[in-house]
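# Observations on the three-dimensional arrangement
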Amino acid sequence: MFARIIVACALVFSQLSPVWANGEVTEFTLENGLQAVVIEDHRSPAVVHMLWYRVGAADEPPGQSGIAHFLEHLMFKGTDTVASGEFSQIVEANGGTDNAFTSWDYTGYIQRVAADRLPLLMEMEADRMVNLRLPEDEVITELSVVLEERAQRTDSSPGGLFQEEVRATLYQNHPYRIPIIGWRHEIEDLTREDALAFYADHYAPNNAILIVAGDVDPEEVRALAEEHYGPIAANPEIIERVRPSEPPQEAARIVVFEDPRVAQPYVTRNVLAPAREPGAQEEAAALTLLAELLGGGATSLMNRVLQTEERTSLFTAAYYNGLSYDDGTFTLLNVPVPGRSLEEAEADFDRIIARFLEEGIDPEQFARVKFLYDASEIYALDNASGRARQYGVALTSGLTVADVEAWNDVIAATTIEDVMAAAETLFANPATVTGFLTTPSLEEATQ
Amino acid sequence: MIRQRFAIVILAVIGLPGWTPAAANVEIQEVTSPGGITAWLVQDNSIPFLSLDIRFQGGSSLDRPGKRGSIYMMTGLLEEGTGELDAQGFAAASEDLAVRFGFEAFRDSVIIDASMLTETRDASVDLLRRALVEPSFPEDAIERVRGQVISVISGNAQDPDDLAPDRFAELAYGDHPYATSQEGTEESIAALTRDDIVAAHRDVFSRDRVFVGAAGDITPDELGLLLDELLGGLPLAEVPLPGPAPWELSGGITVVEFPTPQSVALFGHPGIERDDPDFFPAFVLNQILGGGNFRSRLQQEVRVERGLTYGVGTFLSLADHRPMLLGQFSSSNNLVSEAIDVVRAQWEDLAENGVTAEELEAAQLYLTGAYPLRFGGNSNIAGIMAGMQQDGMPIDYINSRNDNVMAVTQEDVRRVAERLIQPGELHFVVVGQPEGLDSTN
C-alpha cells in the first residue's frame, strides 16, 4: 500500500537497539522476606516509594467483599506514634503526595517526594505495616466515604455496573468475579474487627514488595530498607495464595444490562485467557500481539474494517489482560453506529474472527505492531513511576524481575505462527460471555 | 478521530488518581527560529526522544456564529488524511515511525502534543506538518468524525459530570462562546459542511498565535529548524479573539433533575487574574480551601469528618476570558444538601476569619516542596513550557515562584479572602435527585 513508508519502517526497526544509561533495575530480599526492587532515574532529585502487599480483593473471606479496599482506606487512620490523617500531612509538609490503590491481586501504598526524604517515608510505612490503630468512630465515617466512592465509580455509571455483571458471569467460581470495591450490601456490613483481622492475616514483610524509583543509589536503599523494614518479623502463617479455581467452563453466556442512562449501546465478547506465567510468557506474548492486531491502533483489523471501510462502528477495541495471578481475560468491544443493532454488532465479532483465522496476519502489519511495542519501551523510560508500577503489578501477579526484563524479548521472538496458534485456541473456546449494554426497549419503557 | 469514552470501564485498580514522575532541575532555553517562531526548550539527551507541545490560542471559542462545534470537529479530523494519505494511511505512517500525536481542542486553545523518537524525528515532523498545515478533510472522514462527535454529544447529555458544567456555563456566561459546549449540538454538527471545517482550520492555526514547549533530545539549533519546517507555512491570524465573558449568575442553587443515585455538585463564582498583584495569596488560599489531597478544609470537613463524599476540591480557573474559583464533588442524593451546607460554612468562615498561621505554613510547605517534583517526564515538561508562555509568565518564573509563595502572609490571605471569597455569590449547580434541595430563584 505505502511501499516507501514500509521501507522506512524496516530501516528503523533494525536501528532500534540503543543502550541507554537511565533505568537500571536492582533487586534484593531482606532476611524477613521483604522483596525490594530499585529503579534508577537520575534525571531529577525525586523519588517514588511504593509498598505493595500480595493481597487484594481476590483474597477476601466470603461475605466480606470490599474488605481489602476498606482496609486500604483505614491505613491512613494512624498508629501508636502517627495520629489519624497525620501520615498524609507529614508527606505533604515535605512537599510530597501520597495515595493508595487496591486491585484483585494487590494493595499498594505510594508516595512521591524529594529523594532526601526517603528515610522518613520508609519509617512511616514500616510503622503502619504492624502498628495500625483504628478508632471506632473513624471507621464508621470512612465506611461512608467508601460507599460514596462506590456510588461515584460504579452505581452512577451504567458502564461500571455492566462491567460488574459481565465479570461476575465470566468467572464462575474464582473470586475475580467479585468487584474490588465490594458489593454494596456487603460493604455496608464491614466492621473494624473485619479490617483488623484481614490486616493481621496479610500485612507482613514476607508478603510485601518494596519498590523505589528515582534518584537513589541501590545500596543506600538496601541499607535504609534494612534499618526500617528489617526489624519487622515475618509472619510464618502467610503461605502462597491458592484461591478457588474455575471449573471447566462449558457454556456460552449472555448478559443483557439495560439502563436508561446508556447513551451509546455497545456489545462485548469476553473469554478467559491464560495469564503471563513465570518463565513461560510465550502464550501471553502471542495474545498481547493478537489484541493489538485485532483491536489495537487505527490499523488493527476491527478498526480498519468496521470503523473505516464499512463505517458500521463508532469504536472498536480488543483488550488482553495477562497480568493477573490467576486466569486473565480477553475482550472484544464493538460500539455500532446509531441505527445498527447490537445483534449485528455481535455478528461482526464472529465475522472478524473468522476472517482473521482465514486470512492470517500480514507480515508488514505484524512488523509494525512489534516495532511499536519496541518503541514503547523507549517512551516508558520517561516515566519512572510508571515503570515502578509495572514491576509492582508483575511481581504481585507471581512474576519475577527476570520475567519483566525478558518480556520485550519474548514479544520480539513471537512469530506469526505463534499468534495464529494462540488465536485458534482462544477462539475455539465456546465458553464466552457476550455482554449487551443498552437502553430499555421501547415496549418495556411504556409498560 | 475523536477519542471516545467507551473504553470499557474496567476497574482494574481503584483509588489512584493520576500522578506524574519526578523530574530534574529545569533549565529553560528560549529558542527563536530563523523564521521568527519562538519556543521554550528543556534539553535532556538521556532518552532518545523529543516531546513537543504546541498551543494555538483562541481554541474552540473562535467558532464562527452558527458553527458551534466546527473547531472541535476539525481538530478531530487532522489525523484523518493529508495529501495521498487517507486515515488508514496516516495511521500506518505514524505507527511506522512510532510517533505519538495528540490533537485536542479546548475553549482557549487547540493543543497538539507529539512525542517522536530521535531516529525518526525528521520524518515524524514532516508527517505532523502535513496533518497540521495540509489536512485534506476528505468527505468520508468528515462523515465518520461527524458521527463520532454526535455520539460524544449524546453521551454528554446522559452524564452528570458533563451536565453540571454545561448548565453552569449556560447560566453564567451570557452570549459568550464559553456559554455553550465546544462540541456543539446535534443540529449544529449535522449542518457543518466541508467549507466550515476548512474555515475553522484557517481561523485557529496561525503562526502568530502559537506557543511551543519542547523537552528531550534535541539541540536549540535543531529545534529552530524544526519550528520553521513545522509551523512556517501557517498564515497570520485574521479573526479577533473573543472579549471578556460576562458573569450573569448570582448566589444560589440550580437543581437539574437527572435519575442517578448520586448527585454531582459544581459550584463557584468569579476568580482572580494571574497577573493580579494578589494572585499568590489567592493561590495559597485556594490550596487551604480545597487544593491538595487530604489536608484541605473541604476534604477534612466534607469527607474525613462527615463521610459525605469520596472527594471534593476547588481550583482557580485561569480561563482567558473569565477567571473563576470553581469546585466540585459528588454525594448521594440524601447527603448532598448537608454537603452543600458544609461547603458554604467554609466559604463564610474564610471570608470572615481568613486562615490560621498553621494552615498557611502547611500550605506553603506543600506548595514549595511539591513544585520541583512537577517537572517530570519530557511530555509533561513540554506541556508546562507551552502553558507558561500562554499564561504570559516570564521565563525566569520558576526561579521566583517558591519565593512568591513563601512571601504570602496571613494578612495577605485575609485581604484577598475578603475580595475573592464571596459566600453570597456562590452558586451551586446540582445534577441528580437531591433530597431536600430546590432551585433558588
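Residues numbered from 1 in each chain as written. Chains lettered and ligands numbered in written order. Predicted model: local features only at pLDDT ≥ 70, side-chain atom pairs only at ≥ 80, totals over all residues.

## What to know about the overall build of chain A
On a plain count of helices and strands, chain A comes out with 17 helices and eleven strands. Relative to its length of 447 residues, chain A is compact, with a C-alpha radius of gyration of 24 Å against a globular reference of 22 Å. The 447 residues of chain A split such that 50% are buried. Across chain A, every contact between residues at least 6 apart in sequence was considered, and the portion connecting residues at least 24 apart equals 80%. (Helix = DSSP H or I, 4+ residues; strand = E, 2+ residues; numbered from the N terminus. Rg over C-alpha atoms; globule rule 2.2 N^0.38 Å. Buried ≥ 20, exposed ≤ 12 C-beta atoms within 10 Å, placed from the backbone. Contact = placed C-beta atoms within 7 Å.)

## As for the overall build of chain B
The helix and strand tally for chain B stands at 15 helices and 13 strands. In terms of overall dimensions, chain B is globule-like: its C-alpha atoms have a radius of gyration of 23 Å, near the 22 Å expected for 441 residues. If one aligns the C-alpha atoms of chain B with their principal axes, the spans along those axes are about 60 × 50 × 45 Å. The proportion of buried residues among the 441 residues of chain B is 53%.

## Some remarks on the interface of chain B and chain A
Residue-level contacts link 72 residues of chain B with 85 residues of chain A. Breaking the side of chain B that touches chain A down by element, the ones donating at least two residues are α2 (87–97), β7 (109–117), α4 (139–156), α10 (297–304), β12 (324–332) and α12 (357–370) of chain B. No other element matches α2(B), which puts eight residues into the side of chain B that touches chain A. Taken together, the residues of the side of chain B that touches chain A sort by class into 37 nonpolar, 27 polar and eight charged. (Nonpolar A, V, L, I, M, F, W, Y, C, P; charged D, E, K, R; others polar.)

## Section: unusual backbone geometry
Residues and elements named next belong to chain B. Positive phi, close to 55°, is recorded for A98, a residue that is not glycine. Tracing the backbone through its elements, the reader meets A98 in the loop between α2 and β6 (100–105). Here the phi dihedral of F137 falls at roughly 40°; this positive angle occurs in a residue that is not glycine.

## Some words on α2(B)
Each α-helix winds once per 3.6 residues, and so residues spaced three or four apart point in a common direction. Residues and elements named next belong to chain B. Along α2, nine of the eleven residues are buried, which leaves the element largely enclosed by surrounding structure. Looking only at α2, the buried set comprises A87, F90, A91, A92, A93, S94, E95, D96 and L97. Just beyond α2, the residue with positive phi is A98, at close to 55°.

## Focus on the sheet that holds strand β11 (residues 312–317) of chain B
Residues and elements named next belong to chain B. Reading across the sheet, the five strands line up as β9-β13-β10-β12-β11 and stay open at both edges, with mixed pairing between neighbours. This sheet does not close on itself; its edge strands, each paired only once, are β9 (252–257) and β11. The mean angle between the axes of side-by-side strands here comes to 15°, regardless of whether they run parallel or antiparallel. Note that β11 and β12 share six bridges and pair antiparallel. Residue pairing across strands places T314 opposite G327, the latter belonging to β12. Sitting on the sheet, α10 is in contact with β11 and β12, with an inclination near 155° to β11. (Pairing = 2+ DSSP bridges. Axes fitted to C-alpha atoms, helices over the stretch in contact; angles between N-to-C directions.)

## Regarding helix α3 (residues 121–133) of chain B
All names here are of chain B. Helix length check: α3, at 13 residues, gives a terminal C-alpha distance of 18 Å against a target of 18 Å (1.5 Å per residue), a fit within 8%. Listing the buried residues of α3 in full gives R121, S124, V125, L127, L128, A131 and L132. In an axial view of α3, the angular spread of the buried residues amounts to 160°, which keeps them on one side of the axis. (Expected span 1.5 Å × (residues − 1). Arc of directions from axis to C-beta.)

## Here we look at the pairing of β11(B)
Taking every second residue as pointing to the same face, the buried face of β11(B) carries V312(B), T314(B) and L316(B), while none of G313(B), F315(B) and S317(B) on the other face is buried. The turn linking β11(B) back onto β12(B) is made up of six residues.

## A short note on the packing of helix α10 (residues 282–295) of chain A against helix α16 (residues 416–428) of chain A
Residues and elements named next belong to chain A. Between α10 and α16, whose axes approach to 8 Å, the crossing angle comes to 85°. Taken together, the axis directions place α10 and α16 in an arrangement best described as roughly perpendicular. Two secondary-structure elements touch here, α10 through E282, E283, A286, L287, L289 and L290 and α16 through D418, V419, A422, A423 and L426. Split into classes, the residues belonging to the contact of α10 with α16 amount to eight nonpolar, no polar and three charged. (Parallel < 35°, antiparallel > 145°, perpendicular 65-115°, else oblique.)

## A few points about the confidence of the model for chain A
Mean pLDDT for chain A: 92, with 94% of residues reaching 70 or above. Predicted confidence is poor over residues 1–21 of chain A, with pLDDT under 50, and the contacts of this stretch with residues over four places away or in other chains come to 28 contacts. (pLDDT = per-residue confidence, 0-100.)

## A short note on the sheet that holds strand β3 (residues 46–53) of chain A
All names here are of chain A. Spatially, β1-β2-β6-β3-β5-β4 is the arrangement adopted by the six strands of the open sheet, whose pairing is mixed. Strands at the two margins of the open sheet, each flanked by one partner only, are β1 (25–29) and β4 (97–102). Sheet twist, expressed as the mean angle between neighbouring strand axes with direction ignored, is 15°. Pairing of β1 with strand β2 (residues 35–40), which is carried by five bridges, proceeds in the antiparallel orientation. Bridge assignment links E27 to a residue of β2, and that residue is V37. The strands touched by helix α14 (residues 384–396) within the sheet are β2, β3, β5 (107–114) and β6 (208–214), with β6 carrying the most contacts at an inclination of about 165°.

## A word on the nonpolar core
The biggest cluster of nonpolar side chains holds 123 residues, and the ones touching the most others in it are L71(A), L210(A), I211(A), A225(A), L287(A) and L290(A). With nine residues, α10(A) is the largest single contributor of residues to this core. Look past the residues within four positions of L287(A) in its chain and what remains in contact with it is A273(A), Y320(A), G322(A), F330(A), A422(A) and L426(A). One finds L62(B), A91(B), I197(B) and A386(B) within the second-largest nonpolar core, a separate group that totals 76 residues. (Core = buried A, V, L, I, M, F, W, Y, C linked by C-beta atoms within 7 Å.)

## A closer look at the packing of helix α2 (residues 67–74) of chain A against helix α8 (residues 192–202) of chain A
All names here are of chain A. Relative to each other, α2 and α8 sit at 90°, their axes nearing to 9 Å. Overall, the two elements α2 and α8 adopt an arrangement that is roughly perpendicular. Note on element contacts: α8 touches α2 through D194, A195, F198 and Y199, opposite I67, A68, F70, L71 and L74. Among the residues forming the contact of α2 with α8, the class breakdown is eight nonpolar, no polar and one charged.

## As for the pairing of β12(B)
Residues and elements named next belong to chain B. A large share of β12 lies buried, amounting to nine of its nine residues. Taking every second residue as pointing to the same face, both faces of β12 are buried, with M324, L326, Q328, S330 and S332 on one and L325, G327, F329 and S331 on the other. Looking at chain direction, strand β10 (residues 262–270) and β12 are connected through nine bridges and run antiparallel. Across the sheet, A265 pairs through a bridge with F329, a residue of β12.

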